[in-house]
Amino acid sequence: FGDVQPDRVDRATFWAAQQTLQGLPRPVVLFVGSDEEGTGASWCGDCRRAAPLIERLARTRGCTLLRCEVGSRPAWKDPDHPFRMAPLGLRAVPSLVEWRWHRRSDGQVQGRPGRSIGPELEACQTEAEMEALVHSFLEALTWA
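Residues numbered from 1 in each chain as written. Predicted model: local features only at pLDDT ≥ 70, side-chain atom pairs only at ≥ 80, totals over all residues. Heavy atoms only, no water.

A word on the sheet that holds strand 2 (residues 27-32). Ordered in space as 1-3-2-4-5, the 5 strands form an open sheet in which the pairing is mixed. Each edge of the open sheet is held by one strand with a lone partner, namely strand 1 (8-10) and strand 5 (109-117). Here the average twist between neighbouring strands, direction ignored, is 35°. Bridge count for strand 2 against strand 4 (residues 95-103) is 4 bridges, and the pairing is antiparallel. The partner of Leu30 across the bridge, within strand 4, is Leu96. Packing of helix 5 (residues 127-140) onto the sheet brings it into contact with strand 2, strand 4 and strand 5, and relative to strand 5 it is tilted by some 140°. (Pairing = 2+ DSSP bridges. Helix = DSSP H or I, 4+ residues; strand = E, 2+ residues; numbered from the N terminus. Axes fitted to C-alpha atoms, helices over the stretch in contact; angles between N-to-C directions. Contact = heavy atoms within 4.5 Å.)

Okay, structure coming up:
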């Protein structure tokens with residue numbers, strides 16, 4: 001269960017898919033640019049660089065990772081993109097988000113974002129810098 005989940009979800013399926021993280025160890029969500037048709041690679045260069053490293057580090061830290069594609073470049077650049085709005089409030093892709101659970105007043109358990117890194121990932125100039133950032137981020141998470 002602590003392994004990286006191979007499932008890729010998108011903005012249409014994210015809110016249903018995030019429920020699968022409930023009860024799994026150390027859940028995190030990685031938001032990336034969608035794969036371009038014909039290339040099989042993300043339109044986002046930072047995502048192509050960061051995703052394999054984040055997936056590897058999440059696996060070695062015993063995290064459960066859900067990967068979510070935000071859509072095409074024009075869709076992501078739209079200021080009204082649903083992932084840019086509350087409760088996620090993403091500012092960049094890639095973004096790595098701690099996923100937390102809380103009990104609502106009606107007794108239901110609901111997932112919500114915790115700490116995140118996004119612009120910090122974009123700012124990394126080297127793989128070593130990115131690895132240190134992600135390692136530090138994952139080490140600091142408590143999932144309390």
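This next bit is on the nonpolar core. Residues Phe14, Phe31, Ile54, Phe83, Leu96, Val134 and Leu138 are the most contacted members of the largest nonpolar core, which totals 39 residues. Broken down by element, the residue count for this core peaks at 7 residues, all from helix 2 (residues 45-60). (Core = buried A, V, L, I, M, F, W, Y, C linked by side-chain atoms within 4.5 Å. Buried < 20%, exposed > 50% of the residue type's maximum accessible area, 1.4 Å probe, protein only.)

Here the focus is the side chain of Ser34. Turning to its location among the elements, Ser34 is positioned in the loop between strand 2 and helix 2. A polar contact is formed between the side chain of Ser34 and the backbone nitrogen of Gly71, at a distance of 2.8 Å. If sequence neighbours within four positions are ignored, Ser34 has contacts with Ala41, Ser42, Trp43, Glu69, Val70, Gly71 and Ser72. (Polar contact = N/O pair within 3.5 Å; in protein donor to acceptor, adjacent residues only side chain to side chain.)

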